[in-house]
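# Reading the structure
Below are the chains, spelled out letter by letter.
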Amino acid sequence: MPVLTTAQWVGLISEVLGVVAVTMLLGISPRLRAVPPLRFQYPRREGLVGLALSGGMVLLAVVMYAQPATAQEVQRGGVGGLYPALSLAALAALISGAALVYRRQPLRSAGWGRVLLTPALQIGIAVGLLSIFLRGMVMRLLGGVSAEQAQALLILLAIALGEETLFRGYLQPRLAGWLGGIAGWLLSAGLFVLAQAPRVLLLPGESQWTGWGVVVLHSLAAGWMMLKVRHVAAPALYRAISGWLLFLL
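Cut-off values and rules
Residues numbered from 1 in each chain as written. Predicted model: local features only at pLDDT ≥ 70, side-chain atom pairs only at ≥ 80, totals over all residues. Heavy atoms only, no water. Salt bridge = Lys/Arg side-chain N within 4 Å of Asp/Glu carboxyl O. Helix = DSSP H or I, 4+ residues; strand = E, 2+ residues; numbered from the N terminus. Buried < 20%, exposed > 50% of the residue type's maximum accessible area, 1.4 Å probe, protein only. UniProt positions renumbered as here; feature names shortened; annotations may be inferred. 1 Å grid on protein atoms, 1.4 Å probe; cavity = no way out; pocket = protein on both sides within 12 Å on 5 of 7 lines; lining within 4 Å. Points joined across faces, edges and corners; volume = space filled by probe spheres on them.

## Notes on the pattern of salt bridges
Applying the stated criterion to the full structure yields 6 salt bridges. In this structure, Arg135 engages Glu15 in a salt bridge whose closest nitrogen and oxygen atoms are separated by 2.4 Å. Taken together, the positions of Arg135 in the loop between α6 (117-134) and α7 (138-142) and Glu15 in helix α1 (residues 6-26) put the pair 120 residues apart, joining distant regions of the chain. For the pair Arg135 and Glu15, a shared accessibility class is recorded, and that class is buried.

Dropping the structure here:
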């Protein structure tokens, strides 16, 4: 991950503030408000299950990034450095899906409700375009991207979908039902940061502060979007595009 300049930090923070504003504005759509929020019959039990699954993902991340070969991939950077995160994201999606099947729960309970898909895509795309503008990347993208950079976008999208399905789709609504919306948002964001910590700790010393800042800001912004939109597609699109803009630096 590159070390961000002051101007780039300003652009990233402006992006997060824009995400909050746009999500609040578009989140008042009658179509979103017409869909009732999730209600769990046993919220405490659901919250504990979500904590157990996310805790398992933290342990898996520790084990994976402790492997010398994985550490070398991350430190080399480029597209190859994304593959360990892609593997973990696939596991996160599989764990979430297996939990839904085993517990006979609908996709909607993991942030994949069909009714909210279209508005979530619209909000995710709107926020992604806003990120490109606020980060000053419009002309950079108009100049074209390489095959490797296009591949990185697809990988980052897959990573975001897998991670968001577990941490924002499965975990956050259950913690919100048990502890309240704000507490669920912040606790799920904290657990996501813990899951990312083994990767960030492998970054070169001068890049670690950037890594921590990006992970925390992305986690809070994605959780806020999930709180308002209630569909994984919106935060996943945002994180994929925002992460890709960092990859292009």
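Still more ground to cover, so stick around.
## Describing the UniProt feature "transmembrane region" (unreviewed entry) in the chain
If you check UniProt for "transmembrane region" (unreviewed entry), the listed places come out as residues 6-28, 48-67, 82-103, 115-138, 150-171, 178-197 and 209-227 in our numbering. Counting secondary structure, residues 150-171 comes out at 100% helix and 0% strand; the distance between its end C-alpha atoms is 30 Å.

## Re the layout of surface pockets
In this structure, the second largest pocket encloses a volume near 400 Å³. Lining the second largest pocket are 20 residues, and of these Pro37, Leu38, Pro173, Met226 and Arg230 lie nearest its centre. Contributions of two or more residues to the lining of the second largest pocket are made by α8 (147-179) and α10 (205-229). Of the residues forming the lining of the second largest pocket, the biggest block, 4 residues, is contributed by α8.

## Points about the environment of Thr118
The residue Thr118 is located in helix α6 in this model. The class of Thr118 is partly exposed, set by a relative accessible area of 36%. Through-space distance from the C-alpha of Thr118 to that of Val3 is 36 Å; in sequence the pair is 115 residues apart.

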